[in-house]
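As a plain string of letters, each chain reads:
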Amino acid sequence: MPVSFNSKYVEKFLEKDALTNIQNEVTRADKMLREKTGEGNDFLGWVTLPEDYDKEEFEQIKKSAEKIRKDSEVLVVVGIGGSYLGARAVIEFIKSQNYNLKRNGAPEIYFAGNTISSDSLTDLLEIIGDRDFSVNIISKSGTTTEPAVAFRVLRELLVNKYGKAEAAKRIYATTDKAKGTLKNLSDIEGYQTFVVPDDVGGRYSVLTAVGLLPIAVAGIDIDALMKGAYDAMENLNDSNIENNDCYKYAAVRNLLYRSGKKIEMMVSYEPSYTMMNEWFKQLFGESEGKDGKGIFPASAIFSTDLHSMGQYIQEGERHLFETVVVFNKSRTELLIKEEAENFDGLNFLKGKSLSYVNRKAFEGTVLAHTDGNVPNVILEVEKADEYNLGYLIYFLEKACAVSGYILGVNPFNQPGVEAYKKNMFALLGKPGYEAQKEELEARLNQA
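Model, not experiment: these values are computed from the prediction.

A.B. asks: It is not clear to me how the packing of helix H10 (residues 222-235) against helix H15 (residues 386-407) should be interpreted in this structure. Could you clarify?
C.D. replies: The relative placement of two packed helices is expressed as an angle between their axes plus a distance between the axes. Orientation of H10 relative to H15, taken along the N-to-C sense of each, is 45°, at an axis distance of 6 Å. It follows from the interaxial angle that H10 and H15 lie oblique. In the packing of H10 onto H15, the handedness of the crossing is right-handed. On the side of H10, the interface is formed by Ala224, Leu225, Lys227, Gly228, Ala229, Asp231, Ala232, Met233 and Asn235, while H15 contributes Glu386, Tyr387, Leu389, Gly390, Tyr391 and Tyr394. Of the residues belonging to the contact of H10 with H15, the class tally is 9 nonpolar, 3 polar and 3 charged.

A.B. asks: Just checking my understanding: could you explain the pattern of salt bridges for this structure?
C.D. replies: Once the charged atoms of two side chains with opposite charge are near each other, the side chains can pair. Applying the stated rule across the entire model yields 31 salt bridges. One salt bridge in this structure joins Arg34 and Asp30, with 2.5 Å as the shortest N-O distance. On the criterion of helical spacing, the pair formed by Arg34 and Asp30 is a turn pair, its members being 4 residues apart in helix H1 (residues 18-35). Across the pair Glu264 and Arg253 runs a salt bridge, and its minimum N-O distance is 2.5 Å. Here Arg253 lies in helix H11 (residues 245-258) and Glu264 lies in strand S7 (residues 263-268), a separation of 11 residues in the sequence.

A.B. asks: Mind showing me how you'd approach the nonpolar core here?
C.D. replies: General note: in soluble globular proteins, nonpolar side chains tend to be found buried as a group. Core analysis: the biggest nonpolar cluster contains 101 residues, and Trp46, Tyr273 and Leu396 have the highest contact counts within it. Setting aside anything within four residues of it in sequence, one finds Leu396 in contact with Tyr249, Met266, Tyr273, Trp279, Leu283, Phe284 and Leu379. By size, the runner-up hydrophobic cluster in this structure holds 22 residues, among which are Val74, Phe151, Leu158 and Ile171.

A.B. asks: Got a minute to help me understand the packing of helix H4 (residues 85-94) against helix H12 (residues 274-288) in this structure?
C.D. replies: Interaxial distance between H4 and H12 falls to 8 Å at its minimum, and their mutual angle equals 155°. Taken together, the axes of H4 and H12 lie roughly antiparallel to each other. Remark: the crossing between H4 and H12 carries left-handed chirality. Judged by residue contacts, Leu85, Gly86, Arg88, Ala89, Glu92 and Phe93 of H4 engage Met275, Met276, Glu278, Trp279 and Gln282 from H12. A per-class count over the contact of H4 with H12 returns 6 nonpolar, 2 polar and 3 charged.

A.B. asks: How should I be thinking about the sheet that holds strand S3 (residues 108-112) in this particular structure?
C.D. replies: Consider a sheet: its strands pair through backbone hydrogen bonds, and that pairing is either parallel or antiparallel. Here we have 5 strands laid out as an open sheet, ordered S3-S2-S4-S5-S6, and parallel in their pairing. At either margin of the open sheet sits one strand with a lone partner, and together these are S3 and strand S6 (192-195). If you compare each strand with its neighbour and ignore which way they point, the axes differ by 20° on average. Along the sheet face, helix H3 (residues 55-71) touches strand S2 (74-78), strand S4 (133-138), strand S5 (171-175) and S6 and points at about 135° away from the line of S6. Packed on one face of the sheet, helix H8 (residues 181-189) meets S4, S5 and S6 and runs near 145° to S5.

A.B. asks: What am I meant to see in the sheet that holds strand S9 (residues 320-327) here?
C.D. replies: What the 5 strands build is an open sheet, ordered S1-S10-S9-S7-S8; its pairing is mixed. The sheet terminates laterally at strand S1 (3-6) and strand S8 (296-301), the two strands that pair on one side only. Averaged over all adjacent pairs, the angle separating strand axes in this sheet is 20°, with direction ignored. By the bridge criterion, 6 bridges tie S7 to S8 in an arrangement that is parallel. Bridge pairing in S8 links Val267 to Ala300.

A.B. asks: Mind showing me how you'd approach helix H9 (residues 209-217) here?
C.D. replies: Each turn of an α-helix holds 3.6 residues, which means side chains three or four residues apart point in the same direction. Of all 9 residues making up H9, 9 are buried, and the element is well covered by its neighbours. Here H9 has its buried residues at Ala209, Val210, Gly211, Leu212, Leu213, Pro214, Ile215, Ala216 and Val217. Trailing H9 by a residue or two, Gly219 shows a phi angle of about 85°, which is positive.

Analysis parameters
Counting of residues starts from 1 at the beginning of each chain's written sequence and follows it residue by residue. Where local features are concerned, this predicted model is filtered to residues with pLDDT of at least 70; where side-chain atom pairs are given and counted, the filter is 80 or more; whole-chain, interface and lining totals use all residues. Hydrogens and waters are ignored; side-chain quantities use all the structure's heavy atoms. To get an axis, a line is fitted to the C-alpha atoms, and for a helix only the part in contact is used. The angle between two axes follows their N-to-C directions and goes from 0 to 180 degrees. The helix and strand labels rest on DSSP assignments: H or I over at least four residues marks a helix, E over at least two residues marks a strand, and numbering proceeds from the N terminus. The scheme is simple: roughly parallel for angles under 35 degrees, roughly antiparallel for over 145, roughly perpendicular for 65 to 115, oblique for anything else. Two helices cross in a left-handed way if the nearer one is turned anticlockwise from the farther one by less than a right angle. They cross in a right-handed way if the turn is clockwise. Every residue pair with non-hydrogen atoms within 4.5 Å of one another is taken to be in contact. We call Asp, Glu, Lys and Arg charged. Ala, Val, Leu, Ile, Met, Phe, Trp, Tyr, Cys and Pro are nonpolar, and the rest, Gly among them, are polar. Throughout this description, the term salt bridge denotes a Lys or Arg side-chain nitrogen within 4 Å of a carboxyl oxygen of Asp or Glu. Take the buried residues of types Ala, Val, Leu, Ile, Met, Phe, Trp, Tyr and Cys, join any two whose side-chain atoms come within 4.5 Å, and each joined set is a nonpolar core. Buried, partly exposed and exposed residues are distinguished by accessible area as a fraction of the type maximum, computed with a 1.4 Å probe on protein chains only: under 20%, between the cut-offs, and over 50%, respectively. For two strands to count as paired, DSSP must find a minimum of two bridges between them.

This is the structure in structure tokens:
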């Protein structure tokens, strides 16, 4: 399989027959997904998305991506949470964390609307300068504060630079198919629109137009990405844990949680996986963290973070486990050469590749951490390319859904996200929130 679960370094932390005993819960979770009987069942469009996605829209995504590649030096993707994390994660993993420095003629791609920082947006405007640019605004409603503010500023810049009619040709709106502020504006102004499916939540949306347009602009093979996800959909269909590594991962993380492991640290030995870690944290944190339950998702990049977090992981409180994503084949190979003076004492590595050394760092670390009573779940991915990444994305999405149902929560809602918004709107004086404003200000002014 393109993604396989290696349980060698976690088995000693599980009670005898634990996997057998949790099988009924896994089967029940699988049944809720298949029959759409669980909570949040109207957000299960991602389950069959790799097969029944809109093929006509998919081709339009390619055409629009090609247009952007021809007429723009910069693409600004405006969105927050699932509206940007997946696309950025795929671009940085497949191309490079330094994509904007080595894009080979493709547009630079920047992400805005995921913060309300004046400094951040001003910095982006300076980067764009007088260059030709386009904007992909991603918002189901068009009224989410962070992207709406950024889009207002960028839209004004486009209109001032190109005029209203030409600016409209450089704005691509990924939004609701029929309603909402952004959809209405798009219809009035004539923006090219793509659909945020009604039955796919933001954190599960990377394989929809939400993620695919900027990914395609970066020159990434979205056909291969979808093929990987399709094969995962076909392969990860057996409710039996022993025949389905995706479900085994979901089961094991719940078993570890019940044994007191409250933190899951996703680890990779490839720095280009950094934003995939961030996508993972939203996917699992927003899906499981509710009703006073849930594993806290954290992340690290090794061996880098072994020199900052390694001590705590090795000898700190024993409340975490690691899920290590290992890529069996690197995209490149760099050999270590012999030095006549051997000033650094590394001649014993002559002729070895950095990939080989990185693998030994992984093997040494997993032994050390399991000796330190940190369970290690290993997800082995065959290769770091579009196909295997598409497979991994679907693997993690399905594992998250099954894990949430095992945990006993709705993996597809996020009621807690609204709390900060209500307070912020009240403090800003938004109409309709006046009653809360005085009380909140009083609380802030308390000694």
